[in-house]
Amino acid sequence: MSLRMYEADLFEGSRGRLEAIAYRMLGSAGDAEDAVQETYLRWHAADRERIETPEAWLTKVLTNLCLNQLTSARVRRETYVGQWLPEPVLAGDRMLGPADTAEQRESVSLAMLTLMERLSPNERAVYVLREAFGYAHREIAEILDLTESNCQQIHRRAKQHLATDRARTEIDTIAARKVVEEFLAAALSGDTEPLIRLLTDDAVGVADGGAKVPARRSPVIGALGIARYLRGLFRPSAHKRTLVGGDPELHAAVVNGAPAVLVSVGERIAGVICLDATSDGVVAVRLQVNPDKLGRIARQWAASGPHQPLREMW
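Chains are numbered independently. Their residues run from 1 in the order of the written sequence. Reporting in this predicted model follows two pLDDT cut-offs: at least 70 for local features of residues, and 80 or more for side-chain atom pairs to be given and counted; totals over whole chains, interfaces and linings ignore these cut-offs and use all residues. Side-chain numbers come from the whole structure's heavy atoms, not from hydrogens or water.

With an unreviewed UniProt entry as reference, the chain is termed RNA polymerase sigma-70 factor, source organism Streptomyces flavochromogenes. UniProt positions are given in the numbering used here, feature names are shortened, and annotations may be inferred rather than shown by experiment. Turning to the chain, the UniProt record has this under Sequence similarities (unreviewed entry): "Belongs to the sigma-70 factor family. ECF subfamily." Annotation of the chain in UniProt includes, under Subunit (unreviewed entry), the sentence "Interacts transiently with the RNA polymerase catalytic core formed by RpoA, RpoB, RpoC and RpoZ (2 alpha, 1 beta, 1 beta' and 1 omega subunit) to form the RNA polymerase holoenzyme that can initiate transcription."

1. A closer look at helix H2 (residues 29–45)
Quick reminder: α-helices carry 3.6 residues per turn. Residues three or four places apart thus point the same way. Helix and strand assignments follow DSSP, with helices taken as H or I runs no shorter than four residues and strands as E runs no shorter than two, numbered in order from the N terminus. The span expected for a helix works out to 1.5 Å for each residue beyond the first. Here H2 is 17 residues long and its end C-alpha atoms lie 25 Å apart, about the 24 Å a rise of 1.5 Å per residue gives. Partly exposed residues are those whose accessible area sits between 20% and 50% of the maximum for their type, while under 20% is buried and over 50% is exposed, using a 1.4 Å probe and protein chains only. Among the residues making up H2, those that are buried are Ala29, Ala32, Ala35, Val36, Thr39 and Trp43. Projected down its long axis, H2 shows its buried positions confined to an angular sector of 120°, all on one face. Opposite the buried face of H2, by more than 90 degrees, sit the exposed residues Asp34 and Ala45. For this analysis, a polar contact is any N or O atom pair within 3.5 Å, provided that within protein one partner can donate a hydrogen and the other can accept it, and provided that sequence-adjacent residues contribute only side-chain to side-chain pairs. Its side-chain oxygen placed 3.5 Å from the backbone nitrogen of Gly30, Ser28 serves as the N-cap of H2. The arc in question is traced by the directions running from the helix axis to the C-beta atoms.

2. Things to note about the side chain of His251
By the secondary structure assignment, His251 is in strand S3 (residues 249–255). Assessed through its relative accessible area of 3%, His251 is described here as buried. Reaching out from His251, the side chain makes a polar contact with the side chain of Ser264 at a distance of 3.0 Å. Two residues form a contact once any of their heavy atoms are found within 4.5 Å. Once residues lying within four places of it in the same chain are set aside, the contact partners of His251 are Val180, Ala260, Val261, Leu262, Ser264, Trp301, His307, Gln308, Pro309 and Leu310.

3. Thoughts on the pattern of salt bridges
Should the charged atoms of two oppositely charged side chains come close, the side chains can pair. Salt bridge, as used here, is a side-chain nitrogen of Lys or Arg placed within 4 Å of a carboxyl oxygen of Asp or Glu. The full count for this structure, using the stated rule, is 19 salt bridges. Across the salt bridge formed by Glu12 and Arg15, the nearest N and O atoms sit 2.9 Å from each other. Placement of the pair is Glu12 and Arg15 together in helix H1 (residues 5–26), with a separation of three residues, close to one helical turn. Its relative accessible area of 41% is what places Glu12 among the partly exposed residues. Between Glu123 and Arg157 there is a salt bridge whose closest N-O contact spans 2.8 Å. Of this pair, Glu123 sits in helix H6 (residues 121–132) while Arg157 sits in helix H8 (residues 148–162), and the two are 34 residues apart along the sequence. Among the residues examined, Glu123 registers a relative accessible area of 6% and is labelled buried.

4. A few points about the confidence of the model for the chain
Looking at the chain, the pLDDT average stands at 93 and 98% of residues meet or exceed 70. Within the chain, the lowest mean pLDDT, 88, falls on helix H12 (residues 238–244), and the highest, 98, falls on strand S2 (residues 220–221). Summary of the metric used: pLDDT quantifies the predictor's per-residue confidence within the range 0 to 100.

5. Describing the packing of H6 against H8
Each axis is a line fitted through C-alpha atoms, taken for helices only over the stretch in contact, and angles between the N-to-C directions span 0 to 180 degrees. Between H6 and H8, whose axes approach to 9 Å, the crossing angle comes to 90°. Classified by the angle their axes make, H6 and H8 are roughly perpendicular. Taken together, the residues of H8 that come into contact with H6 (itself represented by Asn122, Glu123, Val126, Tyr127, Arg130 and Glu131) are Cys151, Ile154, His155, Arg157, Ala158, Lys159, His161 and Leu162. Under the scheme applied, nonpolar residues are Ala, Val, Leu, Ile, Met, Phe, Trp, Tyr, Cys and Pro; charged residues are Asp, Glu, Lys and Arg; polar residues are all the others, including Gly. Tallied by class, the residues present in the contact of H6 with H8 amount to six nonpolar, three polar and five charged. The labels follow the angle: roughly parallel below 35 degrees, roughly antiparallel above 145, roughly perpendicular from 65 to 115, and oblique for the rest.

6. Focus: the nonpolar core
With 45 residues, the main nonpolar core has Tyr23, Met25, Leu62 and Met116 as its most contacted residues. For this core, the secondary-structure elements that each account for two or more residues are H1, H2, helix H3 (54–77), helix H5 (110–115), H6, helix H7 (137–144) and H8. Excluding its chain neighbours within four sequence positions, the residues that come into contact with Met116 are Arg24, Ser107, Arg124, Tyr127, Val128 and Leu162. The term nonpolar core refers to a set of buried residues drawn from Ala, Val, Leu, Ile, Met, Phe, Trp, Tyr and Cys, joined through side-chain atoms within 4.5 Å. Formed by 26 residues, the second largest nonpolar core is a distinct cluster that contains Val180, Ala227, Leu230 and Leu250.

7. Here's the deal with H1
The end-to-end C-alpha separation of H1 is 30 Å, in line with the 32 Å expected for 22 residues at 1.5 Å each. Along H1, the largest kink reaches about 40° and is centred on Arg15. One or two residues past the end of H1 sits Gly27, with phi positive at roughly 70°. Two axes enter the bend calculation: one fitted to the seven residues ending at the residue in question, the other to the seven starting there, and the bend is the angle between them.

8. Thoughts on the pairing of strand S1 (residues 199–208)
With seven of ten residues buried, S1 lies mostly within the body of the structure. The pairing of S1 with S2 spans two bridges and is classified as antiparallel. For Val204, the partnering residue across the bridge sits in S2 and is Ile221. The pairing criterion for strands is at least two bridges between them, as found by DSSP.

9. Topic: the packing of H7 against H8
When two helices pack together, their arrangement is given by the angle between the helix axes and the distance between those axes. Direction vectors running N to C along H7 and H8 enclose 100°, while the axes themselves pass 8 Å from each other. Considering the angle they form, H7 stands roughly perpendicular to H8. Here His137, Arg138, Ile140 and Ala141 of H7 come into contact with H8, specifically with Glu148, Cys151, Gln152 and His155. Among the residues forming the contact of H7 with H8, the class breakdown is three nonpolar, three polar and two charged.

See below:
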């Protein structure tokens, strides 16, 4: 059954919301796009005359597709080489969804997307729909075919799993640039002390190369260890230039609501270094260099250019 104009427009009007739900559910922009496209195909094939509330129907279909994807993704990640990190998304991308409340902004941070890997698929779905999109427990129960009281219990359990006593610092473009400039000055100084001063004592460093790009396969714990790791990473060498395919340029950006360094080589984004900044200092440094997770952010960056780099890396 072909789509009438208003039915196609209805779906396109929902696409951004569906992408934002799927991204929070899956931690992958690419997988989110695939889930939304499959939802579109099911919308196209459905008997739409019998669908009373299209928004609820689309949300239910998408959520169930994501639940299936989460189950298979968990199996794949058991054999993932090295550390797994979510796919980074540039500020302004509609995939980030609503950002009116602290809960909405927090739900799309790399820290929270990583923490949500601890949750069961149902816990993740309830948490995302409730915290980021304000669905009532009654509505979530209908989407997940659960009772309302069960949804409430699942929501409480999910919040307990995700509880943290550290408040992230709200970041805008100007504040992010300042954090990045300070970080780069320390990282390129050749000394560990400036980096140690920026980091909290219990800071964590994680790199995701996905077996496609060389990256440390275990987390680095503590300010001193991270400082030494970053000093080595930023130390220039001909081998590194060959590995990345040229001379990298360093840019300041806001990624998933946090200050970030974008590493570009020509038109290509070779890596993203996200800094989890709090009032106590930087509590986490997350390096995404897996090329499979840099495609969308590279396209968004290119579309918003041209950009003047802050520094050259080597």
